[in-house]
Amino acid sequence: MPRPSRRRVVLSPRTLSKQDPAVAAARSPRIFVVMSLPSHLNVSRGLRVPTDEFTLTYARSSGPGGQNVNKVETKAVLRWPVVDSPSLPEGVKQRFCQQYRTRINNDGELVMNCDEHRDQPSNREAVLERLRDMLANVARPPKRRKKTKPTRGSQRRRLAAKKERSEKKKLRQTPGRDA
């Protein structure tokens, strides 16, 4: 009997809803790792993003690490189609795409990764926390600037300071020279 391949495939909740892992495991000799994610990513009181919009995968982390670095996939990679997301209000979506345009690829997908911890759950929580912070940063619209006039007192002080500087510079001139 041929030996099953040892490739690890991590399915997102969206993929799991389309394909039953037991059926998939019976069809293919792969190992499936099912993630336990909350149903929503709570950003603020009025903004919640369902986690089935995210695709979380794992990869091998880069850099030094010791014996496990070449065997264990601990880096969490989050993909989220921001442009197609029905859960974001249009204003928040526009501000998010404007502020984080360098992190969104040509397909309109936000790609983030985290490999600062040595285990998958910590990296997964860290990447979700980063996304929550990014969304909270653009959730509120920026305050509009109110135009204000300078007060009479500030205008007088400015003119008085100009006059003082002018007098000081006049005193630096050599006497008797007409310019």
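What you are looking at is a predicted structure, and each value in this text was computed from that prediction instead of being measured.

Moving on to the overall build of the chain. Counting its secondary structure elements, the chain contains five helices and seven strands. Beginning at the N terminus, the succession of helices and strands in the chain can be written as β-α-α-β-β-β-β-β-α-β-α-α. For the chain, with 179 residues in total, the buried portion stands at 28%. Here the analysis covers contacts within the chain between residues at least 6 apart in sequence; of these, 57% occur between residues at least 24 apart.

Tallied over the full model, the rule gives three aromatic pairs. Taken together, a centroid distance of 5.5 Å and an interplanar angle of 85° make the contact between F54 and W80 edge-to-face. Pair noted here: F54 is in the loop between β4 (47–50) and β5 (55–59) and W80 is in strand β6 (residues 75–81), with a separation of 26 residues, a long-range link. An aromatic cluster is defined as three or more aromatic residues linked by ring pairs; in this entry it consists of F54, W80, F96 and Y100.

With that settled, consider the side chain of S61. Among the structural elements, S61 can be located in the loop between β5 and β6. In this structure the side chain of S61 is engaged in a polar contact, spanning 2.9 Å, whose partner is the side chain of T74. In contact with S61, other than residues within four places in its own chain, are V69, T74, K75 and D115.

Okay, the pattern of salt bridges next. Oppositely charged side chains are able to pair whenever their charged atoms sit close together. Tallying each qualifying case throughout the model produces three salt bridges. In this structure, R79 and E109 form a salt bridge, with 2.8 Å as the shortest nitrogen-oxygen distance. Linking R79 in strand β6 with E109 in strand β7 (residues 109–114), this pair joins segments that are 30 residues apart in sequence. For R79, a relative accessible area of 34% corresponds to the partly exposed category. Note that E116 is salt-bridged to R130, the shortest N-O span being 2.7 Å. Here E116 is found in the loop between β7 and α4 (120–139), whereas its partner R130 is found in helix α4, with 14 residues between them in sequence.

For the rest of this paragraph, the subject is a positive patch on the surface. A contiguous patch of positive charge, built from R158, K162, R165, K168, K169 and R172, is present on the exposed surface. In this structure, R165 sits in helix α5 (residues 152–172). We classify R165 as partly exposed; its relative accessible area is 46%.

Attention now moves to the packing of helix α3 (residues 90–99) against α4. Where α3 meets α4, the axes come as close as 9 Å, and the angle between the chain directions of the two elements is 115°. The handedness of the crossing between α3 and α4 is right-handed. Where α3 approaches α4, its residues V92, R95, F96 and Q99 are matched on the opposing element by L131, M134, L135, N137, V138 and A139. Each residue belonging to the contact of α3 with α4 can be placed in one class, and the counts come to seven nonpolar, two polar and one charged.

Time to look at the confidence of the model for the chain. Averaged over all residues, the pLDDT of the chain equals 79, while 76% of them reach at least 70. Across residues 1–18 the pLDDT falls below 50, and counting only partners more than four positions away or on other chains, this stretch makes 35 contacts in the model. Here residues 23–34 scores under 50 on pLDDT; set against residues more than four positions off or in separate chains, the count is 19 contacts.

Between the first and last C-alpha of α4 there are 28 Å, a value that for 20 residues agrees with the 28 Å anticipated at 1.5 Å per step. Three or more residues of α4 are buried, namely Q120, N123, R124, A126, V127, L128, L131, M134, L135 and V138.

The next subject is the sheet that holds β6. In space, the three strands of this open sheet follow the order β5-β6-β7, with antiparallel pairing throughout. The open sheet has two edge strands with one neighbour each: β5 and β7. Across the sheet, the axes of successive neighbouring strands diverge by a mean angle of 20°, strand direction being ignored. The pairing of β6 with β7 spans six bridges and is antiparallel. Counterpart to A76 in the pairing with β7 is C114. Relative to β7, α4 is tilted by about 135°, and along the sheet it contacts β5, β6 and β7.

Rules used in this analysis
Position numbers for residues count from 1 along each chain, tracking the sequence in the order it is written. In view of the model being predicted, local features appear only for residues whose pLDDT reaches at least 70, and side-chain atom pairs are presented and counted only at 80 or more, with totals across whole chains, interfaces and linings using the full set of residues. Hydrogens and water are ignored here; the side-chain numbers use all heavy atoms of the structure. Comment: elements are numbered from the N terminus, with helices defined as DSSP H or I runs of at least four residues and strands as E runs of at least two. Under the scheme applied here, a residue whose accessible area is under 20% of the maximum for its type counts as buried, over 50% as exposed, and between as partly exposed, the area being computed with a 1.4 Å probe on protein chains only. The criterion used for residue contact is that any of the two residues' heavy atoms lie within 4.5 Å. Whether two aromatic rings pair depends on their centres lying within 6.5 Å, for rings of Phe, Tyr and Trp, where Trp uses its six-membered ring; planes under 30 degrees apart make the pair stacked, over 60 edge-to-face, and the rest tilted. Residues adjacent in sequence count toward polar contacts only when both atoms are side-chain atoms; beyond that, a polar contact is any pair of N or O atoms within 3.5 Å, and within protein one must be able to donate a hydrogen and the other to accept it. By definition, a salt bridge exists where a carboxyl oxygen of Asp or Glu is found within 4 Å of a side-chain nitrogen of Lys or Arg. Patches draw on residues past 30% relative accessible area with no salt bridge. Two like charges within 9 Å are joined, as are two nonpolar side chains (Val, Leu, Ile, Met, Phe, Trp, Tyr) within 5 Å. Here the open area of atoms and residues is found with the Shrake-Rupley method and a 1.4 Å probe, where only the protein chains shown may cover a residue. His is not counted here, nor are the chain ends, while Lys and Arg score as positive and Asp and Glu score as negative. Note on charges: their place is set at NZ of Lys, CZ of Arg, CG of Asp or CD of Glu. Angles shown run from 0 to 180 degrees and are taken between the N-to-C directions of axes, each axis being a line fitted to C-alpha atoms and, for helices, limited to the stretch in contact. Crossing handedness is defined as follows: a turn of the near helix away from the far one that is anticlockwise and smaller than a right angle gives a left-handed crossing, while the clockwise case is right-handed. Under the scheme applied here, ten amino acids are nonpolar (Ala, Val, Leu, Ile, Met, Phe, Trp, Tyr, Cys and Pro), four are charged (Asp, Glu, Lys and Arg), and all others, including Gly, are polar. Each residue carries a pLDDT score, the predictor's own confidence in it, on a scale running from 0 to 100. For a helix, the expected span equals 1.5 Å multiplied by the residue count minus one. Think of it this way: DSSP has to see at least two bridges between two strands before they count as a pair.

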